[in-house]
Amino acid sequence: MERREFLIKAGQATALVVATVATGFYFHNREIAGSDKIIFKTTGFEIPPDSTLPVIALARNEDHIAALHDSLEAVGWIGRFIKPGERVTIKPNIAWDRSPEQAADTNPYLVGEMVRLCIAAGAAEVIVTDNPCNDARRTFIRSGIKEQAEKAGARVILPQTEDFIMTDLKGELLTVWPVLKYFVETDRFINMPIVKQHSLSSCTIGMKNLYGILGGRRNQLHQKIDQSIVDLAAFIRPTLTVVDATHVLMRGGPQGGSPGDVKTVHTVICSTDQVAADARGCELLGLKPEHVGHIVLAQKSGLGQLDYRRAGYKEIV
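Residues numbered from 1 in each chain as written. Predicted model: local features only at pLDDT ≥ 70, side-chain atom pairs only at ≥ 80, totals over all residues. Heavy atoms only, no water.

Draft legend 1. Focus on unusual backbone geometry. The linkage connecting Gly253 with the following residue, Pro254, adopts the cis geometry, with an omega of 10°. Counting through the fold element by element, Pro254 comes out in the loop between strand 13 (240-249) and strand 14 (262-271). Unlike most non-glycine residues, Ala103 shows phi in positive territory, near 55°. The backbone of Lys170 sits at a positive phi, close to 55°, despite the residue not being glycine. (Helix = DSSP H or I, 4+ residues; strand = E, 2+ residues; numbered from the N terminus.)

Draft legend 2. Seen up close, the pairing of strand 9 (residues 176-180). Most of strand 9 is tucked away, with five of its five residues classed as buried. Because side chains alternate across strand 9, one face comprises the buried residues Val176, Pro178 and Leu180, and the other comprises Trp177 and Val179, equally buried. Looking at chain direction, strand 8 (residues 164-168) and strand 9 are connected through five bridges and run antiparallel. Residue Thr167 lies in a different strand from strand 9, and its bridge partner there is Trp177. (Buried < 20%, exposed > 50% of the residue type's maximum accessible area, 1.4 Å probe, protein only. Pairing = 2+ DSSP bridges.)

Draft legend 3. Highlighting the nonpolar core. Formed by 52 residues in total, the largest nonpolar core has its most connected members in Leu169, Ile213, Leu214, Leu232, Ile236 and Ile295. Secondary-structure elements contributing two or more residues to this core are strand 4 (56-60), strand 8, strand 9, helix 8 (225-236), strand 13, strand 14, helix 9 (274-283) and helix 10 (293-300). Ranked by residue count, the leading element in this core is helix 8, at seven residues. Counting residues in each nonpolar core, the second largest holds 37 residues, with Phe81, Met114, Ala136 and Ala152 among its members. (Core = buried A, V, L, I, M, F, W, Y, C linked by side-chain atoms within 4.5 Å.)

Draft legend 4. Main features of helix 4 (residues 108-120). Look at helix 4: 18 Å from first C-alpha to last across 13 residues, which is about the 18 Å you get at 1.5 Å a residue. By the burial criterion, the buried members of helix 4 are Pro108, Leu110, Val111, Gly112, Glu113, Met114, Val115, Leu117 and Cys118. The distance from a side-chain oxygen at the start of helix 4 to the backbone nitrogen of Tyr109 is 2.9 Å, and the residue carrying that oxygen is Asn107. Note on helix 4: the residue one or two positions beyond its end, Gly122, has a positive phi of about 105°. (Expected span 1.5 Å × (residues − 1). Polar contact = N/O pair within 3.5 Å; in protein donor to acceptor, adjacent residues only side chain to side chain.)

Draft legend 5. Summary view of the packing of helix 3 (residues 64-74) against helix 4. Helix 4 packs onto helix 3 with a crossing angle of 50° between their chain directions and a minimal axis gap of 10 Å. In terms of orientation, helix 3 lies oblique with respect to helix 4. Crossing geometry of helix 3 relative to helix 4 is assigned as right-handed. Contacts from His64, Ile65, Leu68, His69 and Leu72 in helix 3 reach Tyr109, Leu110, Glu113, Met114 and Leu117 in helix 4. (Axes fitted to C-alpha atoms, helices over the stretch in contact; angles between N-to-C directions. Parallel < 35°, antiparallel > 145°, perpendicular 65-115°, else oblique. Left-handed = near helix turned anticlockwise from the far one by under 90°. Contact = heavy atoms within 4.5 Å.)

Draft legend 6. View of the packing of helix 4 against helix 6 (residues 145-152). Put simply, helix 4 and helix 6 touch, their axes get as near as 8 Å, and they point 20° apart. Between helix 4 and helix 6, the angle is such that the two are roughly parallel. Two packed elements cross with a definite hand, and for helix 4 against helix 6 that hand is right-handed. Taking contact as the criterion, the partners of Pro108, Tyr109, Val111, Gly112, Val115, Arg116 and Ile119 in helix 4 are, on helix 6, Ile145, Gln148, Ala149 and Ala152.

Draft legend 7. Region of the structure containing the pattern of salt bridges. Under the defined criterion, the tally for this structure stands at 12 salt bridges. Linking Asp130 and Lys91 is a salt bridge whose minimum nitrogen-to-oxygen distance equals 2.9 Å. With Asp130 in the loop between strand 6 (125-129) and helix 5 (136-142) and Lys91 in strand 5 (residues 87-92), the pair connects residues that are 39 residues apart, well separated along the chain. Here Asp130 falls in the buried class, since its relative accessible area comes to 1%. (Salt bridge = Lys/Arg side-chain N within 4 Å of Asp/Glu carboxyl O.)

Draft legend 8. Representation of the sheet that holds strand 8 within the structure. Here three strands make up an open sheet; going across it, the order is 3-8-9 and the pairing mixed. The outermost strands of the open sheet, each flanked by one partner alone, are strand 3 (39-40) and strand 9.

Draft legend 9. Looking closely at helix 3. Along helix 3, the residues that are buried comprise His64, Ala67, Leu68, Ser71, Leu72 and Ala74. Projected down its long axis, helix 3 shows its buried positions confined to an angular sector of 160°, all on one face. Buried residues along helix 3 sit against strand 4, helix 4, strand 13, strand 14 and strand 15 (313-316). By the N-cap criterion, in which a side-chain oxygen at the helix start approaches the backbone nitrogen of a residue two or three places on, helix 3 is capped by Asp63, the distance to Ile65 being 3.1 Å. (Arc of directions from axis to C-beta.)

Set out below in structure tokens:
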């Protein structure tokens, strides 16, 4: 509930918003109806640390649901993260009009199982959404995520223009920007990225996946991609990051397309530290976290531990 409490109407737009609206906001290269309200940044969705549990757990199993259960159990199981009556928003990577075997979007069966777990924990509502790069209807259907999430009991939302609200992210680069409201008007936020190579940021895992909460001309952010990723990570601070590494897109990311670029890894990572999650995930691509700009910058910004073993790491294989 605390998240909703911060939804303060700011009245008339500041000079910044007026200037921004004047130039038009874009969603899929279409103008969004101008908003004269700003939602102000508040605290994230994080839960208190538990020194008896690892911060990050990796499980490997050809049964991918079992891998999810094992890694989640290691960090405290679902009841640690979701309380009865809470509203939950899950953000898979549903960016591309690709089929699951192309590994451009999150494994739909993992998303469905995460929905079931949240509902079993007593969640009042579970929303699954994303702002895709390709056509939303085609992407949500072809990825398999719409079918599996709805079958599990989620409310799957294909974003519409009116779903974006002007939000002050208070970032160094990202200030007032249109944000998909379901990532603000909720009690808990679960980030569910897939591990992929990325042509600009080396990799896209948890923190880069947060681009999907934004509307507007996101490509403008690519000029300073590391800073924009860190601004987003500082803004939203997930309750839990669940990394899908069942299939990893080793080349041709983020869009992919060739099954030959996909490596089967049968791995799921659960973490309360989004920096640690990215650091471990990027190793599956053959990268060293200390060589990935946004991971290094995120640690310097105090968002988490690049040295995931030092943070508290468990592996179940």
